Amino acid sequence: MTNHPPIIPCLWFDHEGEEAAALYTSLLPDSATGTVTRYGKAGQEVHGRQEGSVMTVEFSLAGRSFLALNGGPHFKFTPAVSLFAHCSSEADVDRLWNRLAEGGNVLMPLDRYDWSDRYGWLSDRYGLSWQIMLSRSPRAEIEITPSLMFTGDAAGKAEEAIRAYTGLFPAAEIAEMHRYGPGENDREGNVKYARFTLAGQSFIAMDSSYPHGFGFNEAFSFQVLCDSQREVDHYWESLGAGGDARAQQCGWLADRFGLSWQIVPAVLPKMLSGPDKEGASRAMEALMQMKKLDVAVLEAAHAGRS
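Residues numbered from 1 in each chain as written. Predicted model: local features only at pLDDT ≥ 70, side-chain atom pairs only at ≥ 80, totals over all residues. Heavy atoms only, no water.

### Concerning the packing of helix H1 (residues 17-27) against helix H3 (residues 90-101)
At a minimum axis separation of 10 Å, H1 and H3 run at an interaxial angle of 165°. In this view, H1 runs roughly antiparallel relative to H3, as classed from their interaxial angle. Relative to H3, H1 is oriented so that their crossing is right-handed. For the pair formed by H1 and H3, the contact residues are Leu23, Tyr24, Ser26 and Leu27 on the first element and Arg95, Leu96, Arg99 and Leu100 on the second. Residue composition of the contact of H1 with H3, by class: five nonpolar, one polar and two charged. (Axes fitted to C-alpha atoms, helices over the stretch in contact; angles between N-to-C directions. Helix = DSSP H or I, 4+ residues; strand = E, 2+ residues; numbered from the N terminus. Parallel < 35°, antiparallel > 145°, perpendicular 65-115°, else oblique. Left-handed = near helix turned anticlockwise from the far one by under 90°. Contact = heavy atoms within 4.5 Å. Nonpolar A, V, L, I, M, F, W, Y, C, P; charged D, E, K, R; others polar.)

### Looking at the side chain of Ser202
Along the chain, the position of Ser202 falls in strand E12 (residues 201-207). On the basis of relative accessibility, which here comes to 13%, the residue Ser202 falls in the buried class. Within the structure, Ser202 has its side chain in polar contact with the side chain of Glu143 (distance 3.2 Å). Apart from the residues lying within four places of it in its own chain, the contact partners of Ser202 are Arg64, Glu143, Thr145, Pro146, Arg195, Phe196 and Thr197. (Buried < 20%, exposed > 50% of the residue type's maximum accessible area, 1.4 Å probe, protein only. Polar contact = N/O pair within 3.5 Å; in protein donor to acceptor, adjacent residues only side chain to side chain.)

### Things to note about the nonpolar core
Buried together is how nonpolar side chains tend to be arranged in soluble globular proteins. In this structure, Tyr24, Trp130, Ile132, Ile144, Trp261 and Ile263 are the most contacted members of the largest nonpolar core, which totals 90 residues. For this core, the leading source of residues is strand E1 (residues 7-13), giving six residues. Apart from the residues within four sequence positions on either side, Ile132 is in contact with Ala85, Cys87, Val93, Leu96, Trp97, Leu100, Arg118, Tyr119, Gly120 and Leu122. With eight residues, the next largest nonpolar core counts Tyr113, Tyr119, Trp121 and Ile204 among its residues. (Core = buried A, V, L, I, M, F, W, Y, C linked by side-chain atoms within 4.5 Å.)

### Digging into helix H4 (residues 158-168)
Residues separated by three or four positions in an α-helix point in the same direction, a consequence of the helix having 3.6 residues per turn. Restricting attention to buried positions, one finds in H4 the residues Ala158, Ala161, Ile162, Tyr165, Thr166 and Leu168. Seen along its axis, H4 keeps its buried residues to an arc of 160°; they face one direction. (Arc of directions from axis to C-beta.)

This is the structure we're talking about:
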């Protein structure tokens with residue numbers, strides 16, 4: 001594969017996606033909200049959302065693309081996936097912490113730890129998990145990185161997952177991998193902290209064997225935007241191998257580690273947000289009937305040729 005398919009974190013909200021995106025973008029530099037799509041009549045028997053209500057909001061945080069989805073109350077965020085904010089100053093740490101903690105829950109108090117002079121972990125008012133840290137290495141600006149915690153049935157599989165993902169995506173590498181040693185707080189050899197890139201974008205991963213009672217779910221997924229049916233097929237088959245077939249609907253799948261992905265043709269968001277409302281409705285109707293997405297069928301539906 002020669003292209004670098006964008007990998008966009010998708011955050012599932014009940015109905016607060018637009019509100020959450022506005023809050024997050026107000027807190028971080030190089031951040032903005034973008035295209036908003038709305039629900040139509042198509043697929044209402046499945047999604048149950050009011051016609052005209054906000055479906056998705058594109059937004060960026062510190063230069064990184066995100067998508068907020070208003071999908072209803074079916075899935076809730078867990079700390080298995082969090083957003084890691086590396087900050088250059090204590091003032092930035094405190095500002096982010098104080099705003100995001102309003103109405104939220106503290107998971108680890110803001111304090112000095114072995115790995116940072118100022119670090120804390122919280123869930124914000126929407127349940128989204130954040131790790132906020134003062135970086136010990138010089139940096140010019142805040143960096144936002146998705147962080148994956150492999151726990152429950154996935155505990156001890158972080159390294160396997162990292163090697164699988166970096167072997168699948170282009171422009172991928174493992175930047176650092178630290179493992180637990182004898183007498184430390186987890187099983188010896190498990191990943192304490194790893195940093196890697198996929199399609200040129202940074203990610204963090206770690207193992208935790210503690211009985212947390214949560215794991216990965218559809219509330220936090222990664223959308224892979226594909227340029228062709230060949231790319232859709234490639235990522236669908238590769239990520240879906242050994243995963244949960246029950247989760248395969250509308251381009252969504254859960255891989256063998258339980259992490260959720262959306263394998264999406266890059267033309268689909270343009271169809272759904274474009275000026276042709278009737279075409280968008282037809283494309284949505286076709287989409288709701290699919291598991292793996294078929295580019296030709298979606299294009300034909302949008303054009304009224306189906």
